[in-house]
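One-letter residues, chain by chain:
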Amino acid sequence: MSETFKVKFQTTKGDFAIEVDPAWAPLGAARFKELVEQGFFDGAKFFRVLPGFVVQFGLPADPNAAPDVPNIQDDPVTQSNVKGAITFATAGPGTRTSQVFINLADNKRLDSMGFSPFGKVVEGMDVVESLYAGYGEGAPHGNGPDQSRIRRFGNSYLDGSFPKLDAITRAS
């Protein structure tokens with residue numbers, strides 16, 4: 001099994017670091033590493049920030065310049081979605097691509113739904129908790145950003161309609 005590795009996120013609110021453990025979720029860990037190495041997260045916004053639940057990101061700043069990201073299969077859930085754990089978002093079985101979320105609370109109910117953590121925040125959880133949360137849940141359930149529009153227009157849509165969102169400057 002591969003060694004753990006750390007990813008540093010420089011953001012508009014400060015820095016945080018995630019330690020990834022491939023033993024927890026090997027496919028998710030490998031995809032996350034690949035996305036970081038491609039610079040996929042650089043410039044991306046934290047488009048879904050729900051205090052007491054999750055911070056979600058992983059849609060590209062410029063969809064026209066982003067590489068195609070195919071689905072990956074699910075990893076078995078070996079760790080719990082506790083505060084600070086990072087997990088791939090899904091739209092059902094076998095649909096993980098590039099979107100991830102950091103748990104802002106113990107969300108153990110997500111374990112039985114197949115959400116498999118692959119790492120955890122080890123530095124700067126206060127930064128993660130301070131990301132702009134004023135827009136709430138995304139459309140159509142709330143007034144926050146519409147993910148289909150983010151996928152289509154990226155930051156040009158977000159900057160115009162949701163200017164207070166925080167962003168990743170660089171992930172390395």
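The residue count restarts for each chain, going from 1 along the sequence in the order it is written. Owing to the predicted nature of the model, reporting of local features is limited to residues with pLDDT of at least 70; listing and counting of side-chain atom pairs is limited to 80 or more, with chain, interface and lining totals taken over all residues. Heavy atoms from the whole structure form the basis of all side-chain values; hydrogens and water molecules are not counted.

Engineer: Tell me what's going on with helix 1 (residues 26-38), and back it up with residues and numbers.
Structural biologist: Put simply, DSSP H or I for four residues or longer makes a helix, DSSP E for two residues or longer makes a strand, and each gets a number counted from the N terminus. In this scheme, a helix's expected span is set at 1.5 Å multiplied by one less than its residue total. Here helix 1 spans 18 Å end to end across 13 residues, near enough to the 18 Å set by a 1.5 Å rise per residue. The secondary structure elements touched by the buried residues of helix 1 are strand 1 (5-11), strand 2 (14-20), strand 5 (85-88), strand 6 (100-103), strand 7 (117-123) and strand 8 (168-171). Following helix 1 by one or two positions, Gly39 has its phi on the positive side, about 75°. Residues count as neighbours in contact if any of their non-hydrogen atoms are within 4.5 Å of one another.

Engineer: Quick rundown of the sheet that holds strand 4 (residues 54-57)? Include the residues and the values.
Structural biologist: On the basis of which strands lie adjacent, the open sheet formed by 8 strands has the order 3-4-6-5-7-2-1-8 and antiparallel pairing. Here the strands that pair on one side only, and so sit at the sheet edges, are strand 3 (48-50) and strand 8. Each neighbouring strand pair of the sheet contributes to a mean axis angle of 25°, computed without reference to strand direction. Strand pairing is assigned whenever DSSP identifies at least 2 bridges connecting the two strands. Here strand 5 runs beside strand 6; their pairing, made up of 3 bridges, is antiparallel. The residue of strand 6 that forms the bridge with Thr87 is Phe101. To get an axis, fit a line to the C-alpha atoms, keeping to the stretch in contact for a helix; angles then go from 0 to 180 degrees between the N-to-C directions.

Engineer: Account for unusual backbone geometry, with residues named and values stated.
Structural biologist: In this structure, the amide linkage connecting Ala139 to the following residue, Pro140, adopts the cis form with an omega of 5°. Inspection of the secondary structure assignment puts Pro140 in the loop between helix 2 (125-129) and helix 3 (147-153).

Honestly, it's all geometry; don't read function into it.
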